[in-house]
Structures are given as C-alpha cells and as structure tokens.
Amino acid sequence: MAKDKARYFTFLIYPESIPADWEMKLELIGVPMAISPLHDKDLSSLEDQKFKKAHYHVIYVARNPVTAESVRLKIKRSLGEKSVALVQIVIQSLDNMYLYLTHESKDAIAKNKYKYNRKDIKLINNFDIDRYITLDVEDKDDMLNEVCDMIDEHDLANMRELRRFIKEHGSKYNLPSMKIINSVLRSHTGLIRLYFDAVYQERRYGLTDASKDNGNIK
C-alpha cells in the first residue's frame with residue numbers, strides 16, 4: 001500500500017467475516033467512525049441484475065495523519081484477520097463520502113444506485129460530520145446561491161420555512177446540515193432577508209405566476 005498519510009479513511013467490512021460484537025470492538029478502538037446501513041441491495045451491474053455481496057462502508061477518522069496500512073492493521077487486530085477490505089484514503093470531500101454511505105452522493109445518484117435509509121447510519125465515538133466539513137470561498141458562494149434559488153423557487157417566506165424545507169429536501173440538493181448552512185448565511189443575513197421579504201410581499205399582494213411574467217402586481 002502507498003505510504004501516504006491522512007486522517008480520513010474508508011473501508012469495507014463483510015458480515016460473515018466479523019464477530020457478533022463487532023460494533024463494540026470498533027468503538028473500543030477509540031476514534032470516530034460512521035458505519036453505513038448494510039448494503040445488501042447493490043447491483044454488480046445493471047445488465048445482469050445480480051446483487052453484490054452484502055457489506056458495510058465505514059468512515060474512519062484518525063487522531064493524527066497515519067497510513068492506510070496502519071488503519072488496516074488496527075481493524076484486523078480488533079475484528080479479525082479477514083475482517084477488512086479496501087482501506088482507502090478519502091480523496092474527495094468527506095461530506096460526499098458520508099452521503100455515499102446511503103447512496104445519496106451525486107455520483108451514486110447519477111448511477112441510479114439503491115438509496116438506503118439515513119437513519120440506519122451508525123455513529124461511533126461522537127462522529128459528527130459537521131466537524132469535518134470545510135468550505136472554501138467558492139463552496140460558500142455556491143451554497144448561498146443554492147439557498148437563494150430555493151427561497152425563490154419554492155416561495156419560502158422566513159427562516160422557519162427554510163429550515164423545514166432543507167430538513168425534508170436538503171439531501172436532494174446535496175446540502176449539508178442546517179448547522180453548516182447557518183454558518184454560511186450568518187454573514188449574508190441582509191441578502192437572505194431581502195429574498196424572504198420579496199416572497200412575503202408577493203404573498204401579501206397575491207402575485208400570481210402570470211403577473212410575475214408580466215412584471216405586474218395584482
């Protein structure tokens with residue numbers, strides 16, 4: 001394996017190759033991890049419609065930069081010699097990898113992969129995806145534009161409506177938690193207020209889609 005070091009890793013484990021108390025054993029390692037729902041409906045290909053061997057995806061957050069080999073050996077000592085497969089450094093963003101646990105990432109959606117229930121993700125040792133999401137200026141601008149578009153397209157008139165909408169539909173737009181979104185919106189409250197006010201005014205004066213097109217308020 002490559003000797004590159006990192007803090008974020010992902011690997012596969014198979015139910016038939018791990019002990020019954022595997023979750024407790026992983027917890028005793030002492031680092032944050034996120035475990036996917038059991039992937040038992042993944043197709044090997046769309047043509048033959050055969051299922052892959054059932055497996056779990058695990059995200060592993062090391063305390064300090066380590067090698068993939070170091071992570072593999074630690075998991076083997078905990079779960080057994082044949083317990084772990086395909087230990088890899090997370091190259092893409094960790095939030096995208098987290099979305100992949102349930103096939104809600106953009107690449108999984110594009111490939112029409114089976115979507116698993118987010119409620120079935122298991123979090124170990126205080127894993128919190130919000131801690132590991134870092135946004136650059138471009139990411140923040142993109143997220144702000146996405147939120148403004150949602151307010152405009154779905155006629156959201158206040159922060160409560162926005163929160164409820166994101167809670168229900170945020171995964172469709174590949175948005176992170178409201179905690180992360182708030183950190184972006186906090187420095188743009190004036191702009192967001194203008195969007196909310198515009199929706200409120202349209203509601204108040206009964207502006208229809210037709211009158212929007214004509215630029216007239218009815």
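Calculation criteria
Residues numbered from 1 in each chain as written. Predicted model: local features only at pLDDT ≥ 70, side-chain atom pairs only at ≥ 80, totals over all residues. Heavy atoms only, no water. Axes fitted to C-alpha atoms, helices over the stretch in contact; angles between N-to-C directions. Helix = DSSP H or I, 4+ residues; strand = E, 2+ residues; numbered from the N terminus. Parallel < 35°, antiparallel > 145°, perpendicular 65-115°, else oblique. Left-handed = near helix turned anticlockwise from the far one by under 90°. Contact = heavy atoms within 4.5 Å. Nonpolar A, V, L, I, M, F, W, Y, C, P; charged D, E, K, R; others polar. Phe/Tyr/Trp six-rings, centres within 6.5 Å; stacked < 30°, edge-to-face > 60°. Lys NZ or Arg CZ within 6 Å of the ring centre and 35° of its normal. Pairing = 2+ DSSP bridges. Patch = residues over 30% accessible without salt bridge, like charges linked within 9 Å, V, L, I, M, F, W, Y side chains within 5 Å. Areas by Shrake-Rupley, 256 points an atom, 1.4 Å probe, with all protein chains shown as cover. Salt bridge = Lys/Arg side-chain N within 4 Å of Asp/Glu carboxyl O. Buried < 20%, exposed > 50% of the residue type's maximum accessible area, 1.4 Å probe, protein only. Lys, Arg positive; Asp, Glu negative; His and termini not counted.

## Some details on the packing of helix α1 (residues 22–29) against helix α2 (residues 68–79)
- Direction vectors running N to C along α1 and α2 enclose 135 degrees, while the axes themselves pass 9 Å from each other. It follows that α1 is oblique to α2 by the angle criterion. Every pair of crossing elements has a handedness; the one defined by α1 and α2 is right-handed. Mapping the contact onto sequence places Trp22, Lys25, Leu26 and Ile29 in α1 and Lys74, Ile75, Ser78 and Leu79 in α2.
- Here the contact of α1 with α2 is built from residues that sort into five nonpolar, one polar and two charged.

## Details of the packing of aromatic side chains
- Under the defined criterion, the tally for this structure stands at seven aromatic pairs.
- Among the aromatic residues, those joined into a ring-pair cluster are Tyr8, Tyr98, Phe127 and Tyr132.
- Its guanidinium or amino end placed over the ring of Tyr14, Lys53 lies 4.3 Å from that ring's centre, counting from NZ or CZ.

## As for the sheet that holds strand β5 (residues 122–124)
- On the basis of which strands lie adjacent, the open sheet formed by five strands has the order β4-β1-β3-β2-β5 and antiparallel pairing. Two strands bound the open sheet, and with one partner strand each, they are β4 (84–89) and β5. Put simply, the sheet's adjacent strands are angled 20 degrees from each other on average, direction ignored.
- Pairing analysis gives three bridges linking strand β2 (residues 33–35) to β5, with the strands arranged antiparallel. Paired with Ala34 across the two strands is Leu123, which belongs to β5.
- Taken strand by strand, α2 contacts β1 (5–13), β3 (56–67) and β4, and its axis lies near 120 degrees from that of β3.

## Observations concerning a nonpolar patch on the surface
- A surface patch of nonpolar side chains, amounting to about 260 Å² of accessible area, comprises Leu191, Leu194 and Tyr195.
- Summarising the element assignment, Leu191 is placed in helix α9 (residues 189–204).
- The partly exposed category is assigned to Leu191, whose relative accessible area is 34%.

## Some words on the side chain of Asp130
- The topology assignment puts Asp130 in helix α5 (residues 129–132).
- Notably, Asp130 is buried but unbridged: the nearest opposite-charge side chain belongs to Lys179, and the N-O separation is 4.8 Å.
- When near neighbours in sequence (up to four residues on either side) are disregarded, Asp130 contacts Ser177, Lys179 and Ile180.

## Re the pattern of salt bridges
- Applying the stated criterion to the full structure yields eight salt bridges.
- Among the ionic pairs, Glu16 bridges to Lys53, the shortest N-O distance being 3.5 Å. Remark: Lys53 occurs in the loop between β2 and β3 and Glu16 occurs in the loop between β1 and α1; sequence separation between them is 37 residues. There is no split in this pair, since Glu16 and Lys53 are both exposed.
- Taking the shortest distance from any N to any O, the salt bridge between Asp40 and Lys41 comes out at 3.4 Å.
- With a relative accessible area of 32%, Asp40 lands in the partly exposed category.
- Counted as one network, the salt bridges with shared partners bring together Glu104, Lys115 and Arg118.

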